[in-house]
Amino acid sequence: MNKFVITFVILNMITLCLVAQSRTEISNSLFKSLSNDGHVVGASAGYWVNGQTLWESSIGYANQKDKKGFNVDTKVRIASIAKSMTAVAVMQLVEQGQIDLDLPIDTYISDFIQKGKTKITTKHILSHTSGINAYKNKKEAENTINYETLKDAYDVFKDRKLRFEPGTEYFYTSYGYVVLGMLIENVSGLSYESYMKTYIWDKAGMTHTGVEKFNEKPEHSSELYHKQKQFKLIEAIPNNLSNRVPGGGLYSTASDILRFGNALLNYDLIREDTLALMLQHHSLEKVNNGYGLGFYLYGKQPNESTIYGHGGAQTGSSTQLFVIPSLKTVVVVLSNTSGAGEHVSAVAGKLIDISQEQD
């Protein structure tokens, strides 16, 4: 190898290092603004491109009082990102021929009460077009009752009137996903938690994800915080998530959520045609909410599936997952602070562009 070639290789390597450093610095600066500007107490984030981790970072505190730092392995509530995992689990059973999306869901759940002229199907619930209502009041949203089973949680709302005739409107609700959890249990013969661990989390290499259980604090987990309108960060009063587990009762880490997104890109969990079905708009164009089957569709019409994923907001948590298939990119931001969703999502969106900086 002559001196010119050696010099070129060395200069090229230096350039690559400088660009990578610049991208890391830009990512870190943007991410730190979440805590520097008083939006969150602690958070973790990262992006993967072509199956490789290009950047991961953490900021702030997992326990502000004790000055315990938040790191990339800190476990936090992922809120409604859980819905995407539950939806993928349902679609695995669809692939196996155990569930028909268009059959009435009481075909599989004998305890399910049909109240409309149109029978509620699995597809209705996946797309939030079933008419099933949301929490009745703040007391239900900030639940303190422990429900031992999903059936117990379903009993809370099973007799309530539908908001509308199934299939005619869109209304977002975590209660519908409780029914999907029951569906998974009835069809698979496993508990929801066991099914998810075996066929979603283990398959995707997610070793720090699980079901939150009230008064059982997972190791390396964060405290809960809330951002008030006056930009004051306070400790949040813990609520019991057992009334919504499949729709928002899980904990995880940024690294694990990145693995989930990457498993979707690689079709490790479901087939390509199955994912394509999930990323179709549910056809209620007049609503224009951009939701498929368990995923928000963030792209502009008519190419809404160019970016998909899910955001989440609940007590002590603001989260965002973006998956961009054309760029083979996954971006995630998780925080331990509720009331910060707008800022968390904005940072995640900007990280998409930063992740694509050329080496």
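Refer to the structure presented above.
Read on for an overview of the structure.

The rules behind the values
- Residue numbers here run from 1 along each chain, matching the order of that chain's written sequence.
- Thresholds applied to this predicted model are a pLDDT of at least 70 for local features of residues and 80 or more for the giving and counting of side-chain atom pairs; totals over whole chains, interfaces and linings are not thresholded and use all residues.
- Excluding hydrogens and water, the side-chain figures rest on all heavy atoms present in the structure.
- Strands here are runs of E lasting at least two residues and helices are runs of H or I lasting at least four, both read from the DSSP assignment and numbered beginning at the N terminus.
- Values of the radius of gyration come from C-alpha atoms, whereas the globule rule sets the reference at 2.2 Å times the count of residues to the power 0.38.
- Note on exposure labels: buried denotes an accessible area under 20% of the residue type's maximum, exposed denotes more than 50%, and partly exposed covers the range between, all computed with a 1.4 Å probe on protein chains only.
- Only heavy atoms enter the contact rule, under which two residues are in contact if any of them lie within 4.5 Å.
- Accessibility throughout is a Shrake-Rupley quantity obtained with a 1.4 Å probe, and a residue counts as covered only by protein chains that appear here.
- This count recognises Lys and Arg as positive and Asp and Glu as negative, with His and chain-terminal groups excluded.
- By convention, the charge on Lys lies at NZ, on Arg at CZ, on Asp at CG and on Glu at CD.
- When DSSP finds two or more bridges between a pair of strands, those strands are recorded as paired.
- Each Phe, Tyr or Trp ring, with Trp reduced to its six-membered ring, pairs with another whose centre is within 6.5 Å; inter-plane angles below 30 degrees give stacked pairs, above 60 give edge-to-face pairs, and intermediate values give tilted ones.
- A ring is scored as having a charge over it whenever the NZ atom of a lysine or the CZ atom of an arginine sits within 6 Å of its centre and within 35 degrees of its normal.
- Each reported salt bridge corresponds to a side-chain nitrogen of Lys or Arg within 4 Å of a carboxyl oxygen of Asp or Glu.

Bringing the overall build of the protein into the picture now. Looking only at helices and strands, one finds 11 helices and 13 strands in the protein. The C-alpha atoms of the protein give 21 Å as radius of gyration, which agrees with the globular expectation for 359 residues (21 Å, within 12%). Expressed as lengths along the three principal axes of its C-alpha atoms, the size of the protein is roughly 80 × 45 × 40 Å. When the 359 residues of the protein are sorted by exposure, 52% land in the buried category. Taking the intrachain contacts of the protein between residues at least 6 apart in sequence as the baseline, contacts between residues at least 24 apart amount to 68%. Counting only carbon and sulfur atoms, one obtains 51% of the accessible surface of the protein, whose full area is about 16300 Å². Both charge centroids of the protein, one from 35 positive and one from 36 negative side chains, sit 5 Å from each other.

What follows is about the side chain of T319. Position of T319 among the secondary structure elements: in strand β11 (residues 317-324). Discounting residues that sit within four places of it in the chain, T319 has contacts with R77, I78, A79, I81, G311, G312, V333, L334, S335 and V344.

For the rest of this paragraph, the subject is the sheet that holds strand β7 (residues 233-235). Here we have three strands laid out as an open sheet, ordered β7-β6-β13, and mixed in their pairing. In this open sheet, the two strands that pair with only one neighbour each are β7 and β13 (337-338). Here two bridges tie strand β6 (residues 225-227) to β13, and the two strands are oriented parallel to one another. Bridge pairing in β13 places Y225 opposite T337.

Moving on, we come to the packing of aromatic side chains. Taken as a whole and assessed by the stated rule, the structure comprises 14 aromatic pairs. Between the aromatic rings of Y135 and Y175, the centroid separation amounts to 5.1 Å while the plane-to-plane angle is 80°, which identifies the pairing as edge-to-face. Placement of the pair is Y135 in the loop between α3 (122-126) and α4 (138-141) and Y175 in helix α6 (residues 175-188), with a sequence separation of 40 residues. Relative accessible area serves as the criterion here: at 2%, Y175 is assigned to the buried category. Centre to centre, the rings of Y298 and F322 are 4.9 Å apart; their planes meet at 85°, and the pair counts as edge-to-face. Of this pair, Y298 sits in the loop between β9 (296-297) and β10 (308-314) while F322 sits in strand β11, and the two are 24 residues apart along the sequence. Members of the aromatic cluster, each reached through a chain of ring pairs, are Y170, Y172, Y291, Y296, Y298 and F322. The positively charged end of R163 is found above the aromatic ring belonging to F171, 3.7 Å away from the centroid.

The subject of this paragraph is the sheet that holds strand β8 (residues 250-252). Here three strands make up an open sheet; going across it, the order is β4-β8-β5 and the pairing antiparallel. Strand pairing shows two members of the sheet lacking a second neighbour, β4 (76-77) and β5 (210-211), which therefore form its edges. Judged from the two bridges that link them, β5 and β8 form a sheet pairing that is antiparallel. In the sheet register, G210 faces β8, and the bridge partner there is Y251.

So, on to unusual backbone geometry. Generally, phi is negative for residues other than glycine and the peptide bonds are trans, each holding for most cases. Of note, the bond from Q301 into P302 is cis; its omega dihedral lies within 30 degrees of zero at 5°. In this model, A79 sits at a positive phi of 55°, which is unusual for a non-glycine residue. As for its placement among the helices and strands, A79 is situated in the loop between β4 and α2 (81-95). We note that H128 has phi near 60°; this positive angle belongs to a residue other than glycine. Mapped onto the elements of the fold, H128 is located in the loop between α3 and α4.

Here we come to the pattern of salt bridges. This model, assessed by the stated rule, comprises 11 salt bridges. Linking D155 and K158 is a salt bridge whose minimum nitrogen-to-oxygen distance equals 3.3 Å. E223 is the salt-bridge partner of K217, the closest N and O atoms lying 3.3 Å from each other. A single salt-bridge network, built from bridges that share partners, covers E95, R271 and D273.

Each regular strand displays side chains that alternate between the two surfaces of the sheet. Of all seven residues in strand β12 (residues 329-335), seven are buried; the element is thus mostly enclosed. A two-sided burial pattern is seen for β12, the buried positions comprising T329, V331, V333 and S335 on one face and V330, V332 and L334 on the other. Sheet analysis places strand β1 (residues 42-49) next to β12, joined by seven bridges and oriented antiparallel. Counterpart to W48 in the pairing with β12 is V330. Where β11 lies against β12, seven bridges are found, and the strand directions are antiparallel. From the neighbouring strand, I324 faces β12, where its bridge partner is T329.

Keep in mind that these numbers describe shape and distance, not what the molecule does.
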